Amino acid sequence: MKDYQNPAWCQGMKLRINYNNMMKSALLPDGFTREELTRLPLSAALAAMKAKRPALRWMDLPHNQEEIVQQIEKTAAWVREEAEAFVVLGIGGSALGPIAVHQALRHLNYNDLPKEKRGGPKLYVLDNVDPERMAALLDVIDIKKTVFNVITKSGSTSETMSQLLIAVDLLKKAVGEDISRHLIATTDKEKGNLIKIARQEHLTTFIVPDGVGGRFSELCPVGLVAAAVCGIDIRALLAGAAYMDELTQNEDPMSNPACVIGALQKVAMDRGMNIHVMMPYADSLKYISDWYAQLWAESLGKKFGTDGSILHAGQTPVKALGVTDQHSQVQLYTEGPFDKVVTFLTVDKYRTVTPIPEGYPDIPDVHFLSGHTHNELIAAEQAATAYALTKSGHVNYAITLPEVNPFTIGELLYLFEVATAFAGELLNIDAFDQPGVEEGKKATYALLGKPGFDEKRAELNARPAEDEAYIL
Ligand code: PA5
């Protein structure tokens, strides 16, 4: 039996949310009150989510992928056997999840480990078209021993398609016309161009299901393929998400972790706290902040309400890392404007213990550290930072992972997805579209001469000329 099949083990891995430092207290007289939270239409928002659930197919991903998981495991087995490098080509929701999960669940210096310790190919995720990035990748991979995974839900994103063109050209030059052992496609079942190319090139293809938007796609093949290739237990990841699905269906809003997070953030926004700092105290969780930033920003940053009213809703996500950013940003968080909520991600049990050895007994200001561990130091620094913030009147709360493992990461990803959707309900916006991103995509197509974008090109060409006075 796997750990995640044992209910007692799962219970022990349950994430904890401690929001005392958001609430009114002797230390935080201007904190939130329970009434402020419960005054929000929480039950109505929960009911609305429940009614929408059949269309929100990302909510089914923890439960309906047995067959897909088997296919992914088969593909991962041959890739692990044949490839020295696995390169994800994708951007936004097609890249941030794979990066976050890899960093969380593999060795922090994974690519630098010898092959036998790594157990899988090196992983590279190309989520930019900086020309130097592609050139730098080509300097370190052997194209004949590389498998690319091109991921684009829409099948048309310029950045990803340009990378695909480069990869296909290089592959055909290196291995000949049959590139099917070197390229995997992950895309929509019919929309866009990648599916056409995948058919033409006879590629192993994984489908991004309908109703699963880019930033909600980490738990479908978008994220699972790279994770499985690098040896992550994707069944445990999905089991953690399924466990969180149960918790986030609790109809008592104040016992439902996604509702509590959504409600705290809504009250914060109502009080003008338009910045949300995500600050993990673990290097392994560093890129969860990047993934979360997209999820929160792109889902909630909306001009229009669902009733057509102009809202300009949203809260700016900021990425920070404990303890590193205590020495760069925390001064601002502690003494700066009251415009932020800080969310700490903390870990009870790190995967290793690093003792601090005995040394310099004649220098007490150094020697006091001896006999402690880095584990104690990082925990003390997080507690001290939370205290300093609270004492200065700045709200913060902590989400604690008992351990960082595939199950708890599945819980965390799913929790944030549901909390984001729930916050969208409270803000009365559509959390699942991204017209602002689409506008930029269309303008790029127009500038680069894509057929069908003449009107947009004319619109861009009609822009007023820039004033030389403002250019130095
Ligand atoms: O969340 C989203 O929908 C976007 O951020 C997309 O993930 C991003 O634009 C990439 O799109 P695609 O996967 O279609 O290439």
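Placed above this text is the structure.
Residues numbered from 1 in each chain as written. Predicted model: local features only at pLDDT ≥ 70, side-chain atom pairs only at ≥ 80, totals over all residues. Heavy atoms only, no water.

## Observations regarding the sheet that holds strand β2 (residues 85–89)
Strand pairing in a sheet relies on backbone hydrogen bonds, with the paired strands running either antiparallel or parallel.
Link 1 in the chain: As summarised here, the arrangement of the five strands in space is β3-β2-β4-β5-β6, forming an open sheet in which the pairing is parallel. With partners counted over all chains shown, the strands left at the sheet margins are β3 (122–126) and β6 (204–207), one partner each. The average undirected angle you get between the axes of adjacent strands in this sheet is 15°.
Link 2 in the chain: Most of the contacts of helix α8 (residues 158–175) go to strand β4 (residues 146–152), to which it runs at about 155°, and overall it touches β2, β3, β4 and β5 (183–187). (Pairing = 2+ DSSP bridges. Helix = DSSP H or I, 4+ residues; strand = E, 2+ residues; numbered from the N terminus. Axes fitted to C-alpha atoms, helices over the stretch in contact; angles between N-to-C directions. Contact = heavy atoms within 4.5 Å.)

## A look at the pairing of β3
Link 1 in the chain: For β3, the buried fraction is high: four of the five residues fall into the buried class.
Link 2 in the chain: Both β2 and β3 contribute to a ladder of five bridges, which runs parallel. Within β3, the residue paired with F86 across the bridge is L123. (Buried < 20%, exposed > 50% of the residue type's maximum accessible area, 1.4 Å probe, protein only.)

## So, unusual backbone geometry
Link 1 in the chain: With omega at -5°, the peptide bond leading from G322 into V323 counts as cis.
Link 2 in the chain: As for its placement among the helices and strands, V323 is situated in the loop between β10 (316–319) and α14 (330–335).
Link 3 in the chain: For H312, which is not glycine, the phi torsion reads 50° and is therefore positive.
Link 4 in the chain: Relative to the assigned elements, H312 resides in strand β9 (residues 310–313).
Link 5 in the chain: Unusually for a residue other than glycine, Y360 sits at a positive phi of about 50°.
Link 6 in the chain: By secondary structure assignment, the location of Y360 is in the loop between β11 (340–349) and α15 (364–367).

## Observations concerning helix α18 (residues 435–447)
Link 1 in the chain: Here α18 is 13 residues long and its end C-alpha atoms lie 18 Å apart, about the 18 Å a rise of 1.5 Å per residue gives.
Link 2 in the chain: A443, Y445 and A446 are the residues of α18 that are buried. For α18, the angular spread of buried residues about the axis comes to 160°, placing them on one side.
Link 3 in the chain: Along its buried surface, α18 packs onto α8 and α19 (454–461).
Link 4 in the chain: A positive phi of about 80° marks G449, the residue just after α18. (Expected span 1.5 Å × (residues − 1). Arc of directions from axis to C-beta.)

## Concerning the nonpolar core
Here is a general trend for soluble globular proteins: nonpolar side chains tend to be buried in one another's company.
Link 1 in the chain: Core analysis: the biggest nonpolar cluster contains 100 residues, and F32, W58, F86, L285, I409 and F416 have the highest contact counts within it.
Link 2 in the chain: At 13 residues, helix α17 (residues 406–427) tops the list of elements feeding residues into this core.
Link 3 in the chain: For this core, the domains that each give at least three residues are domain 1 (3–40 + 253–406 + 421–427) and domain 2 (62–232).
Link 4 in the chain: Other than its neighbours up to four places away in sequence, I409 contacts V101, A104, L105, L237, L285, I288, L401 and V404.
Link 5 in the chain: A85, I143, F148 and L194 belong to the second largest nonpolar core, which has 22 residues in total. (Core = buried A, V, L, I, M, F, W, Y, C linked by side-chain atoms within 4.5 Å. Domains from an automatic or database assignment.)

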